[in-house]
Amino acid sequence: MFLEEIARRRTFGIISHPDAGKTTLTEKLLLFGGAIQEAGAVKSNKIKKGATSDFMEIERQRGISVATSVLAFIYKNKKINILDTPGHKDFAEDTFRTLTAVDSVIVVIDVAKGVEEQTEKLVEVCRMRSIPIIVFINKLDREGKDSFDLLDEIETKLGLRVTPLSHPIGMGYDFKGIYNIWSKNAKLFLEDTKTSKGNTVSFDNLEDPELERLIGTKSLETLKEELGLVAGVYPPFSQEEYLDGALHPVFFGSALNNFGVQELLDCFIDIAPAPLKKQSEERLIKPDEKDFSGFVFKIHANMDPNHRDRLAFIKIVSGTFERNTPYLHVRNNKKVKFSSPNAFFAERKEIVDISYPGDIVGLHDTGNFKIGDSLTSGEQIHFKGIPSFSPEHFRYINNADPMKSKQLNKGIDQLMDEGVAQLFTMSMNNRKIIGTVGALQFEVIQYRLEHEYGAICSYENLNVFKACWVQPKDEKNQEFTDFKRVKQKFLATDKQGQLVFLADSSFSLQMTQQKYPSIKFHLTSEF
Ligand code: G4P
């Protein structure tokens, strides 16, 4: 029973450059999975263009992002958990953290735009961790790039070895359907399918005269030629290679028009991995181990400023998580139990008695959890792989109301635990620096400090190019001592107390590296 529960879980994330169709595809997967009845039910969690200083928009987005953090449903006896990833690039760090909790991903690419910047960054993180990736090329109802050119682009720009598991029949105005290489049949779309699952007709045999009648002799010839080319050029699908992150299936379709979504979902539940093993600092943890272990990958503050409690999202790695059972919060070395853990379904959450590996539970927390914390049945386990990356923007944060310094410090502390931004403390004078991925977060922090903690802050510009985590070859050697003395003005510590060098330009970073060759400078906190 326990093993069956693990085997039937599929926990994954959908990633894309904004506007490629992530929200639409998510919604259509829910629709085909029977989790929602009509299109339009999943709200977009993206921050609307031009609304960056509209705080109602930020609050709206936060509200939605709780509701869509995990969208779970059962399809053909598989328990599907879709983990939501923010599309806005200023929240890229949230997405990186969510990727530590997925077992596979689907990458959505716009057929006209091809591989875009945000896709490259996100896929690189997946590739580094060998996460199995399926590519969905979307918006085939529009004129776009040639399918073979796109496959090339995915191979060169994303560095992914691909194998198409479907092939489009026409494109744009001429888009007629999909040939499903995985199940070896052609599916044509007979009428406007935008609002319903639509009418389709399937052909298992390309020689069927009805198929030729419907798409025309020329289209059929082109299809046969192209399928021949696919078979000749691309490696055959191998599940083993896909699971190793070495071969990536590609699907074509149009999420908006429900083309190719069912094919994607049906193949996905067959091939995508069940919960995977996870490396901890101590050992490799397997999902089928009896004892529970899990880690916090996301913390969400309560929207209501009068209730300071937060929701910590835990990915279950091994064993079962049960309600009212004491577990060890490893960092605090304290036993904690939870009377109302939340499980997530499409658009709703409910209290759950037991959860299995692959599942996400939401735990109410009054400020004890930090991102990356482990919970276990008792073993000292520290999970790896939630590094911080160097922020892109840095500012001093100052207290603008001396009467409220306690509130300010508490607010900063809790927002950092949530992972909104990173805090550095200058070694020389203890001044606090906030580092963020995008400029938007400074406004979010200022707004939330005021509205949730009653504290007022101001910022002061600071010229920092990158934060580099410093790794000396030997703590005691002369070179490291010299480095600390000479560069004192540029040194800070992160929240974990790790030493960080704040380089003010790429040139000064290079010079410093040359001058102190025994010291390593890392752009992430984990090395
Ligand atoms: P995102 O989450 O990746 O940012 O993208 P989202 O799903 O919001 O889609 C971005 C836009 O692309 C939306 O249009 C959406 O309707 C459209 N879209 C998604 N899939 C397809 C497709 O298969 N074909 C075509 N032609 N369009 C598609 P919008 O005008 O920005 O928003 P909306 O007003 O339609 O919601």
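Just above, that's the structure.
What you are looking at is a predicted structure, and each value in this text was computed from that prediction instead of being measured.

**Student:** Looking at this structure, I do not really get the site of the ligand. What am I missing?
**Tutor:** Contacts to the ligand come from 17 residues, most closely from D19, K22, T23, T24 and S254. One nitrogen or oxygen atom from the main chain of A20 is found 3.4 Å from an oxygen atom belonging to the ligand. In the environment of the ligand, an oxygen atom lies 2.5 Å from a nitrogen or oxygen atom belonging to the side chain of T23. In the complex, the protein chains occlude 67% of the 710 Å² of accessible area that the ligand would expose alone. The dominant element in the shell around the ligand, judged by the number of residues it contributes, is helix α2 (residues 22-32), at 3 residues.

**Student:** Is there a simple way to think about the packing of aromatic side chains in this case?
**Tutor:** The geometry of two aromatic rings is summed up by the distance between their centres and the angle between their planes. Counting across every chain of the model gives 25 aromatic pairs. A centroid spacing of 4.6 Å and a plane angle of 50° characterise the contact between F292 and Y327, whose relative ring orientation is tilted. Of this pair, F292 sits in the loop between β13 (284-285) and β14 (293-301) while Y327 sits in strand β17 (residues 327-329), and the two are 35 residues apart along the sequence. As far as the burial class goes, F292 and Y327 line up, both buried. Pairwise contacts between aromatic rings join F480, F483, F490, F501, Y516 and F521 into one cluster. Between K298 and the ring centre of F313, over which it is positioned, the NZ or CZ distance is 5.7 Å. Between the NZ or CZ atom of R431 and the centre of the ring of Y396, over which it lies, the distance is 3.8 Å.

**Student:** Before we go on, may I ask you to explain the nonpolar core in this structure?
**Tutor:** By size, the foremost hydrophobic cluster in this structure holds 49 residues, and its most contacted members are I15, V105, I133, V135, I137, I154 and L160. Those elements that place two or more of their residues in this core are α4 (92-99), β4 (104-110), α5 (117-128), β5 (133-138), α6 (147-158), β11 (248-252), β14 and β15 (310-318). Lining this core are residues from two domains, each supplying at least three of them: domain 1 (2-72 + 103-271) and domain 2 (278-376). If near-sequence neighbours (up to four positions away) are discounted, V105 is found in contact with G13, I15, L99, C126, I131, P132, I133 and I134. Among the nonpolar cores identified, the runner-up in size contains 32 residues, and I36, V108, A255 and A272 belong to it.

**Student:** Looking at this structure, how should I read the environment of K334?
**Tutor:** Note on placement: K334 falls in strand β18 (residues 334-336). Measuring from C-alpha to C-alpha, the distance between K334 and L375 comes to 9.8 Å, with 41 residues separating the pair along the chain. The contact partners of K334, leaving out residues within four places of it in the chain, are Y327, L328 and H329.

**Student:** Explain the environment of E226 here, please?
**Tutor:** Looking at where E226 falls in the secondary structure, it is placed in helix α8 (residues 217-233). What makes E226 partly exposed here is its relative accessible area of 21%. Sequence separation between E226 and H167 is 59 residues; the distance between their C-alpha atoms is 8.4 Å. With sequence-adjacent residues up to four places away left out, E226 is seen in contact with F148, H167 and P168.

**Student:** Sorry, what's going on with the pairing of strand β8 (residues 177-180) here?
**Tutor:** Both faces of the sheet carry side chains from a regular strand, because those side chains alternate between them. Every second residue of β8 is oriented toward a common face, with G177 and Y179 on one face and I178 and N180 on the other, all of them buried. Sheet topology note: the strand β7 (residues 166-169)/β8 ladder contains 4 bridges and is antiparallel. Looking at the pairing, H167 lines up with Y179 of β8. Relative to strand β9 (residues 185-189), β8 is paired through 4 bridges, and the arrangement is antiparallel. By the bridge assignment for β9, Y179 is matched with A186. Between β8 and β9, which follow one another and run antiparallel, lie 4 residues, and K184 among them has a positive phi close to 55°.

**Student:** Would you mind going over the pattern of salt bridges with me for this structure?
**Tutor:** Between side chains of opposite charge, a pair can form when the charged atoms approach closely. For the structure on display, the rule yields 27 salt bridges. We note a salt bridge from K290 to D291, for which the minimum N-O separation is 3.9 Å. Here K290 falls in the exposed class, since its relative accessible area comes to 71%. Taking relative accessible area as the criterion, D291 reaches 42% and is therefore assigned partly exposed. Among the ionic pairs, D417 bridges to K495, the shortest N-O distance being 3.0 Å. Within this pair, whereas D417 is found in helix α11 (residues 405-418), its partner K495 is found in the loop between β29 (491-493) and β30 (499-503), the two being separated by 78 residues in sequence.

**Student:** What's the story with the packing of α2 against helix α10 (residues 261-271) in this structure? I'm lost.
**Tutor:** For any two helices packed against each other, the geometry is given by the interaxial angle and the distance between the axes. Relative to each other, α2 and α10 sit at 75°, their axes nearing to 10 Å. The angle between the axes of α2 and α10 places the two elements in the roughly perpendicular class. Residues L25, K28, L29 and F32 of α2 lie in contact with α10, whose contacting residues are V261, Q262, L264 and L265. Of the residues in the contact of α2 with α10, the class split is 6 nonpolar, 1 polar and 1 charged.

The rules behind these values
- Residues numbered from 1 in each chain as written.
- Predicted model: local features only at pLDDT ≥ 70, side-chain atom pairs only at ≥ 80, totals over all residues.
- Heavy atoms only, no water.
- Near = heavy atom within 4 Å.
- Polar contact = N/O pair within 3.5 Å; in protein donor to acceptor, adjacent residues only side chain to side chain.
- Areas by Shrake-Rupley, 256 points an atom, 1.4 Å probe, with all protein chains shown as cover.
- Helix = DSSP H or I, 4+ residues; strand = E, 2+ residues; numbered from the N terminus.
- Phe/Tyr/Trp six-rings, centres within 6.5 Å; stacked < 30°, edge-to-face > 60°.
- Buried < 20%, exposed > 50% of the residue type's maximum accessible area, 1.4 Å probe, protein only.
- Lys NZ or Arg CZ within 6 Å of the ring centre and 35° of its normal.
- Core = buried A, V, L, I, M, F, W, Y, C linked by side-chain atoms within 4.5 Å.
- Domains from an automatic or database assignment.
- Contact = heavy atoms within 4.5 Å.
- Pairing = 2+ DSSP bridges.
- Salt bridge = Lys/Arg side-chain N within 4 Å of Asp/Glu carboxyl O.
- Axes fitted to C-alpha atoms, helices over the stretch in contact; angles between N-to-C directions.
- Parallel < 35°, antiparallel > 145°, perpendicular 65-115°, else oblique.
- Nonpolar A, V, L, I, M, F, W, Y, C, P; charged D, E, K, R; others polar.

So far we have only geometry, and geometry alone does not tell us how the molecule works.
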